[in-house]
Amino acid sequence: SLTPHQDHFRTDPARLTIVPDAVPPARATLAANMETALNAIWDAELAPGARVAVIGAGVVGCLTAYLAQHAARCAVTLVDPIEERGATAQCLGLHFASHIENRGDFKAEFGWVFHTSATAAGLAAGLDALGFEGTLVEMSWYGTDPVPVPLGGAFHSQRLRIIASQVGHVARARRATTSYAARLAAALGHLADPRLDALLTTEVAFEDLPARLPALLGRNAPGIASVVRYGADRGG
């Protein structure tokens, strides 16, 4: 159930989703982020074999890159300036780069870029990495901060596109045939791969959250995703 952290809650059975037997409870905590990634893949309407870059190797970026390569069958590069994230990318079977490298007359051009870093620099790098009529899928959340978008240079001449992807609505391509419950069930199904355990890098006891959260949520926090443990007698 997509509810806040708490000891007990009461809800309608229709708002509950059964976790598949192939998905252990700890990995199932990635469900909400996997649903966000899946919706973005649907928004992009990727074709197999497309060249894709994902900028930002946090949990959403990693899951988006994972789905683009293993579900949509695209050629994917996961990009993040934190080089230690390369080990996580390797566990997921993904090509990793600390930046998109252009050499001389050769320009790395992607048909699709998913931007998840929530930085103006990442957005600019994503637009610069697109080829002719390429599309950037903006997945970052900036809050109320103004964000510069470089719309000069090649933006118009190369007919580039920016589209928004947000999990609050089912992607337009699937909206008529897919309910919220069906999308969440599909996301849980994609969590059956044991390689995704590489994203679960921290475990925190529920009672320790007030003390531990500031460091875990900081911009330079180590690891990728944290699992909240409610106690041995209560399960994960």
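Refer to the preceding data block for the structure.
Residues numbered from 1 in each chain as written. Predicted model: local features only at pLDDT ≥ 70, side-chain atom pairs only at ≥ 80, totals over all residues. Heavy atoms only, no water.

> Which residues make up the nonpolar core, and what are the values?
Core analysis: the largest hydrophobic core is formed by 47 residues, its most contacted members being Leu46, Val52, Leu78, Phe114 and Leu199. Going through the elements one at a time, α2 (31-44), β1 (51-55), α3 (59-70), β2 (75-79), β4 (110-115) and α6 (180-189) are the ones with two or more residues in this core. Once you skip the residues sitting within four places of it in the chain, Leu46 turns out to touch Ile41, Val52, Ala68, Ala72, Cys74, Trp112 and Phe114. Core analysis: the second largest hydrophobic core is formed by 14 residues, Ala53, Val79, Val113 and Phe155 among them. (Core = buried A, V, L, I, M, F, W, Y, C linked by side-chain atoms within 4.5 Å. Buried < 20%, exposed > 50% of the residue type's maximum accessible area, 1.4 Å probe, protein only. Helix = DSSP H or I, 4+ residues; strand = E, 2+ residues; numbered from the N terminus. Contact = heavy atoms within 4.5 Å.)

> Tell me about the side chain of Thr88, and name the residues and values.
Structurally, Thr88 can be placed in helix α4 (residues 85-91). Thr88 sits in the buried class, given a relative accessible area of 11%. Apart from the residues lying within four places of it in its own chain, the contact partners of Thr88 are Cys62, Ala198, Leu199 and Ile224.

> Account for unusual backbone geometry, naming residues and giving values.
Glycine aside, a negative phi is what most residues show, and trans is what most peptide bonds show. The phi torsion at Ala118 lies on the positive side, around 55°, for a residue other than glycine. Here Ala118 is to be found in the loop between β4 and α5 (120-128). Here Ala118 falls in the partly exposed class, since its relative accessible area comes to 27%.

> Lay out a nonpolar patch on the surface with the relevant residues and their values.
On the surface, Val149, Leu151 and Ile162 cluster together to form a nonpolar patch covering roughly 220 Å² of accessible area. With respect to the helices, strands and loops of the structure, Ile162 is situated in strand β6 (residues 161-164). (Patch = residues over 30% accessible without salt bridge, like charges linked within 9 Å, V, L, I, M, F, W, Y side chains within 5 Å. Areas by Shrake-Rupley, 256 points an atom, 1.4 Å probe, with all protein chains shown as cover. Salt bridge = Lys/Arg side-chain N within 4 Å of Asp/Glu carboxyl O.)

> Tell me about the packing of aromatic side chains, and please be specific about residues and values.
Inspection of every chain in the model, using the stated rule, returns one aromatic pair. With centroids separated by 5.1 Å and ring planes inclined at 25°, the aromatic side chains of Phe206 and Tyr230 adopt a geometry described as stacked. Placement of the pair is Phe206 in the loop between β7 (200-205) and α7 (209-216) and Tyr230 in the segment after β8 (225-229), with a sequence separation of 24 residues. (Phe/Tyr/Trp six-rings, centres within 6.5 Å; stacked < 30°, edge-to-face > 60°.)

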